[in-house]
Amino acid sequence: MISTDHTTNAHAADGDESVSVIICAYTLKRWNELVAAVASVEKQTRRPDETIIVIDHNPALLERANETFTGATVIPSRAGRGLSGARNTGVEAARGEIVAFLDDDARAEPAWLAGLLGAYCDSNIVGTGGIVEPRWSNGHPAEWLPGEFNWTIGCSYTGLPTTSAPIRNPIGANMSFRRDAIVRAGGFREGVGRIDDVPLGCEETELAVRIAGASSTATIMHTPAARVDHLVTPERARWRYFMMRCWNEGRSKAAVVHHVGASAGLASERSYVLGTLPRGVLRELGVAVRGDLWGAVRAAAIVGGLSATAAGYMYARALSNGGGAPDRPQANGGDAPAQQPIPVLLYHRIAAAEDDRFAVTPERFREQLRLIAASGRTPLTIGELAEGIQGTRQLPARPVAVTIDDAYEDTPRAVAEALAHDLSVTVYVTSGALDRPGMLSTSQLRVLAGMGPKVELGAHSDSHPHLDALAPADVRREVFTSKHSLEQVVKRPVETFAYPHGAYDDSVRAAVIDAGYRSAAAVKNAISHPVDDPWAIARYTIKSATTLERLADILEGRGAPFAWRRERLRTRAARTARRTRRRIAQVVK
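Residues numbered from 1 in each chain as written. Predicted model: local features only at pLDDT ≥ 70, side-chain atom pairs only at ≥ 80, totals over all residues. Heavy atoms only, no water.

## Description of the overall build of the chain
Consideration 1: A tally of helices and strands in the chain yields 18 helices and 17 strands.
Consideration 2: Out of the 589 residues belonging to the chain, those deemed buried represent 55%.
Consideration 3: Sequence separation of 24 or more characterises 73% of the internal contacts of the chain that already satisfy a separation of 6 or more.
Consideration 4: For the chain, the exposed surface amounts to about 24,900 Å²; the carbon and sulfur share of it is 52%. (Helix = DSSP H or I, 4+ residues; strand = E, 2+ residues; numbered from the N terminus. Buried < 20%, exposed > 50% of the residue type's maximum accessible area, 1.4 Å probe, protein only. Contact = heavy atoms within 4.5 Å. Areas by Shrake-Rupley, 256 points an atom, 1.4 Å probe, with all protein chains shown as cover.)

Here it is as structure tokens:
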């Protein structure tokens, strides 16, 4: 619950209601954007009574923010990790009668705050939201992205009102509420919405429904005069992110429906799906007929985005109703779950690279290796683990496996560090990337091959594609070529394979077996176990943001699902999207 123990700090100059601006931040990677966001608030024509910056569980960011933003109130989140908890912390600290929210990667126009506050002259208005324009980091909009799906990049989308009008909920990057309305509703619901860089959402939707539902006259207004621009980084303008965001939006909608019911939770979506999207498809097909083939791509994106969102929604609803694939594995021939967790950790680069969320600094890597070594687990290579799963080797009581994908030039140093901690390592090498700048060299590969039995070398394809989107002949070429190329260098069999991007299907798996591999690793971001698939062993990805606490949970089999046996709906949806994109690209060419 959010405390109500505050006195009102009325805006003395003109009698307006007082306002607190809240900005939540969680990563130093957005530092420059955070500085710009705070600066844009300081330039408002209607100055806020206070600016509150909430730092979500990042001590280094908290220290830097305290040193820099001397004119603002900087506080740590006192709730669980995630945007909802951080916003609740800001609301609890706020003394304004109105609380306005600005994202840490958004910049407000000078009249933004005045635009949000203008509607509050009507006492029935409990919240407002404005326009969020995309600010493309590379200066060029994504031509394939239809305006109806700009919500996937956190921006205003086709289908929103173009004038002041009541809406169900505002966009989180640009919104405000009466503080007492948030308090009476119990605040943002933790467990709904974004956590770090996981693209979930709908926390503002769920709160807005509860706030508006508290009174028959309570209204939330769309106010186009309140405008901000929102950074769109290159990764958010990619098809993979688009499909992942749609899938997770479906999951988020299911969470909203679970809490507030389908009638309120899907009220806006019905008109969007039945009206806005069909009109968008027809519009874009008309553009294509007139000679612009991007219109056909955008039409396909509308269909693909809707399909992925619907699939995510149905998947989450099935799980909440007790259906779908189990999170814990079922033992062969029986109904009892195989309870033994086998954490298989997936690393990529071991380097200080702030622009790469998969890069773990050498210092943090060493800390993590110490934690793994102290966990009491027995290190195995993937080949050894697969033998245990297949029953040809006795598995130890507490196994663990460390893997490194892609084989960057820093991989030999990382392997040496792991060996120094008495850990085994399986290194998956993209054969076609050997000797390229920043990647493993042929001579380094030979050094790895001579490091002893605790180092296993595996293939990671020749060119690192999504194998499940390729034609069968191309799949076989990638799988066979990588094995042959690596064996020519290391002069010994290469018997394990890792699916690039974790993407595979039954035909890809069969090609791996046909090529002579004795095991294979997937991704899944799940925990392996003794009845896992030896040709699709589940791994958990370690990223730059992975904390020691998170790693400790994974090592104990907590905080991630056990690997599932049946393919999940989101995997099928992502594969369909990749294949559709491939076919569209072939048509465009």
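There's more to say after this.
## So, the nonpolar core
Consideration 1: One finds Leu34, Phe69, Leu102, Trp112, Phe149 and Phe242 to be the most contacted residues of the largest nonpolar core, which totals 58 residues.
Consideration 2: Aside from chain neighbours lying at most four places away, what touches Leu34 is Ile23, Ala25, Ile53, Leu61, Phe69 and Asp104.
Consideration 3: Residues Leu369, Leu448, Val494 and Ala536 belong to the second largest nonpolar core, which totals 52 residues. (Core = buried A, V, L, I, M, F, W, Y, C linked by side-chain atoms within 4.5 Å.)

## Some details on the packing of aromatic side chains
Consideration 1: Summed over all chains, the structure comprises 13 aromatic pairs.
Consideration 2: Summarising the aromatic geometry, the rings of Tyr157 and Tyr272 are spaced 5.9 Å apart at their centres and angled 80° between planes, so their arrangement reads as edge-to-face. In this pair, Tyr157 is assigned in the loop between strand E6 (125-136) and strand E7 (165-167) and Tyr272 in helix H9 (residues 267-289), connecting sequence segments 115 residues apart.
Consideration 3: When the ring centre of Phe188 is taken as reference, the NZ or CZ atom of Arg87 above it lies at 5.4 Å.
Consideration 4: Over the ring of Tyr408 we find Arg349; its NZ or CZ atom is 5.4 Å from the centre of that ring. (Phe/Tyr/Trp six-rings, centres within 6.5 Å; stacked < 30°, edge-to-face > 60°. Lys NZ or Arg CZ within 6 Å of the ring centre and 35° of its normal.)

## Re the environment of Val228
Consideration 1: Relative to the assigned elements, Val228 resides in strand E9 (residues 219-232).
Consideration 2: Taking the C-alpha atoms as reference, Val228 lies 5.6 Å from Glu109; in sequence the two are 119 residues apart.
Consideration 3: The contacts of Val228, once residues within four sequence positions are left out, are Leu102, Ala106, Arg107, Ala108, Glu109, Trp112, Ile131, Val132, Glu133, Ala173 and Asn174.

## A closer look at helix H13 (residues 411-420)
Owing to its 3.6 residues per turn, the α-helix aligns residues three or four sequence positions apart on the same side.
Consideration 1: For H13, every residue scored as buried is listed here: Thr411, Pro412, Ala414, Val415 and Ala418. Burial along H13 is one-sided: seen end-on, the buried residues are contained in an arc of 160°. Facing away from the buried side of H13 by over 90 degrees, the exposed positions are Arg413 and Ala420. (Arc of directions from axis to C-beta.)

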